[in-house]
Amino acid sequence: MTLITSTGAGVLDRIAASRTTSTYRPAGVSAQAAGAAAKTAAAASAPTRVTLDATSASALVYARPSTPGFGPQRFWANARDDGLSELMTRNSGKDALTLSDRWRGLGGGLLKQFADTGTAYQQTLADYVPGVDAAGATGTVEGTDAAATAAAAAALQEQALGGVSTNAAEVSLKIQTRSGHTVELKIGVNNGDQGGTRGLQVGIKSSGALSSAERQALSALSDGLDQALEGLGEGAPTLDLSGLTAFDRSGVLTGLDLEIEHPNASADVPGKLQAFSLQLGTDTKSVTMRTTSGEMNLEVDATPPTGASNNGQRRSAIDQLLKQIDAAADRAHADAAMTKSFKDAFQQLQAPPVDEAPASTGSAATIATTLAKGGPDEVAPVTPSMSDGLRSQVQSLQSGLADFKADFSADSQRTSRIGSIQEAGHTDYKISQTTADRPSTATGGRSVTQAQTEELDASYQKSRTFTLDRSTGNYDAYTVQDSKTITTLIDTVKDSVSRAMRKTDEQRLKTFSQIENFKPTGHSEWPSQRSATERLR
């Protein structure tokens, strides 16, 4: 028998020793797990005894240590033999770069699976990549504590899976049913570059058992959720909410809240999504969005305008207001991406449902209102309504839009033909509409007042060459301050309109200052003011 003893400082021994003495511990791994892995590496660096005996090959005693720390490891929280786990695997590939890539199909897949099974679901995928000095071990070496090795491996998996939620981009969807249950859906995406573990985490559950109709309504929202996430997850977010805004068409759902938080959006890239919220209810619909360039807010009355029976009037009013927003944005040199998102949100929340029926004052409308509010006990007393003919007259004199309030505030940049920033500025824009309808003691009829207001406050600075550098104190400065109010007054008597007037008050001011060495050397102003009253009837 020949005995070979290896005690020299060979290459493998030096590598193992370096792992033992290193103090590096990767993010998301506890000190206990790292310590256990270090002990395993130390055992691997000890002298190795190999026994060779030609007469007894079975007496060979040698175990090569396994060091998974040299490469990435994938962990799953649960069995991965279902379609959603396959989607998660696909969305974690090397080509999955944007949030859209990581979200693709997951939201709709969760809704469909829940609609099919009615049972909760949860899964986590973690792609853990340890540092080169933090090699763990799952194999065994003669003399190594196998229990400690197994404990280290288990702790590593637990920490890796738990780290997926650390600083992750999170999608949260809550849907309320008419029966009183709440369905909650969550998707977490982690790129692993902010202290957490790269991976995906999904889940869906309900506060109670759902009816077949409620599950069908959830399934009907699946494509709309995927469309919304697809647009919001791109580099410059876009809004496609049309598949969600009709959430209550089935009559069994009463509320939908979609929230997105992206804490790791790079502040150095203009227009990156940081937060988004869509809230749809029986009374109001709202959208808020924050990007690295600014934020916007929009709230729309969910009930149709008084007597709204003409979808054509509503669409025409939406087109007119979108042109009004475009004109203000052009005058302010506002951020193009924020302006587009603002217009998209307004159009999609104001758009009438495809199957919207004309309003009625008959018993059928009363019954529909009663059902929408949950039952006869919840019907509040209402003032006597107008006749259908009078309602139609009043509606034709109003804007046709549901009442709303909206604003956005955003930084802007424009580049020169050589690609450098030539202009930079900031815009604050607000627009709203309110409608009041009350009995008129003077005429015995009704008095309707509708007011639409618009405010614009903007400033921008422009280089006289190709590149703006405000630190030199040499540039052109512009400011824009506009305000506009349109008030419509309608008085009725019996079944006719007795008076209808529209008053417009508008003020506009644009200024220009030529700045040289931080001091204005030239200044110009263009003020304008207009007030007009128009008799409509």
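Residues numbered from 1 in each chain as written. Predicted model: local features only at pLDDT ≥ 70, side-chain atom pairs only at ≥ 80, totals over all residues. Heavy atoms only, no water.

Undergrad: Sorry if this is basic, but what is going on with unusual backbone geometry here?
TA: A negative phi angle is the norm for most residues apart from glycine, just as the trans form is the norm for most peptide bonds. Located in the positive-phi region is N517, a residue other than glycine, with phi close to 55°. By the element assignment, N517 lies in the loop between β16 (496-516) and β17 (519-535). The backbone of F518 shows a phi angle near 70°, a positive value even though the residue is not glycine. Inspection of the secondary structure assignment puts F518 in the loop between β16 and β17. (Helix = DSSP H or I, 4+ residues; strand = E, 2+ residues; numbered from the N terminus.)

Undergrad: What is the right way to read the packing of helix α5 (residues 106-117) against helix α8 (residues 222-232) from this model?
TA: One way to put it is that α5 packs onto α8 with a least axis distance of 7 Å and a crossing angle of 160°. Judged by the angle between their axes, α5 and α8 are roughly antiparallel. Seen along the crossing, α5 lies across α8 with a hand that is right-handed. On α8, the residues that touch L106, G107, G108, L111 and K112 of α5 are S222, D223, L225 and D226. Looking at the contact of α5 with α8 residue by residue, the classes come out as 3 nonpolar, 3 polar and 3 charged. (Axes fitted to C-alpha atoms, helices over the stretch in contact; angles between N-to-C directions. Parallel < 35°, antiparallel > 145°, perpendicular 65-115°, else oblique. Left-handed = near helix turned anticlockwise from the far one by under 90°. Contact = heavy atoms within 4.5 Å. Nonpolar A, V, L, I, M, F, W, Y, C, P; charged D, E, K, R; others polar.)

Undergrad: What is the right way to look at helix α11 (residues 336-350) in this model?
TA: An α-helix turns once per 3.6 residues; consequently, residues spaced three or four apart project the same way. The end-to-end C-alpha separation of α11 is 21 Å, in line with the 21 Å expected for 15 residues at 1.5 Å each. Buried within α11 we find M338, T339, S341, F342, K343, D344, A345, F346, Q348, L349 and Q350. On its buried side, α11 packs onto α9 (242-245), β10 (284-291), β11 (294-301), α10 (311-332), β12 (404-415) and β13 (421-439). (Expected span 1.5 Å × (residues − 1). Buried < 20%, exposed > 50% of the residue type's maximum accessible area, 1.4 Å probe, protein only.)

Undergrad: Got a minute to help me understand helix α13 (residues 388-397) in this structure?
TA: For α13, the complete set of buried residues consists of L390, R391, V394, Q395 and L397. Burial along α13 is one-sided: seen end-on, the buried residues are contained in an arc of 160°. Tucked inside the fold, the buried residues of α13 contact α10, β14 (446-462), β15 (475-493) and β16. (Arc of directions from axis to C-beta.)

Undergrad: How should the pattern of salt bridges be read in this particular structure?
TA: When charged atoms on two side chains of opposite charge get close, those side chains can pair. Counted under the stated rule, the structure contains 13 salt bridges. For R74, the salt bridge is made with D127, and the minimal N-O distance between the two is 2.6 Å. Taken together, the positions of R74 in strand β3 (residues 73-76) and D127 in strand β4 (residues 121-128) put the pair 53 residues apart, joining distant regions of the chain. By relative accessible area, D127 is classed as buried at 14%. Here D326 ties to K343 by a salt bridge, and the two come within 2.9 Å at their closest N and O atoms. Of the two residues, D326 sits in helix α10 while K343 sits in helix α11, which places them 17 residues apart along the sequence. In this structure, a network of salt bridges that share partners links the residues R74, D127 and R198. (Salt bridge = Lys/Arg side-chain N within 4 Å of Asp/Glu carboxyl O.)

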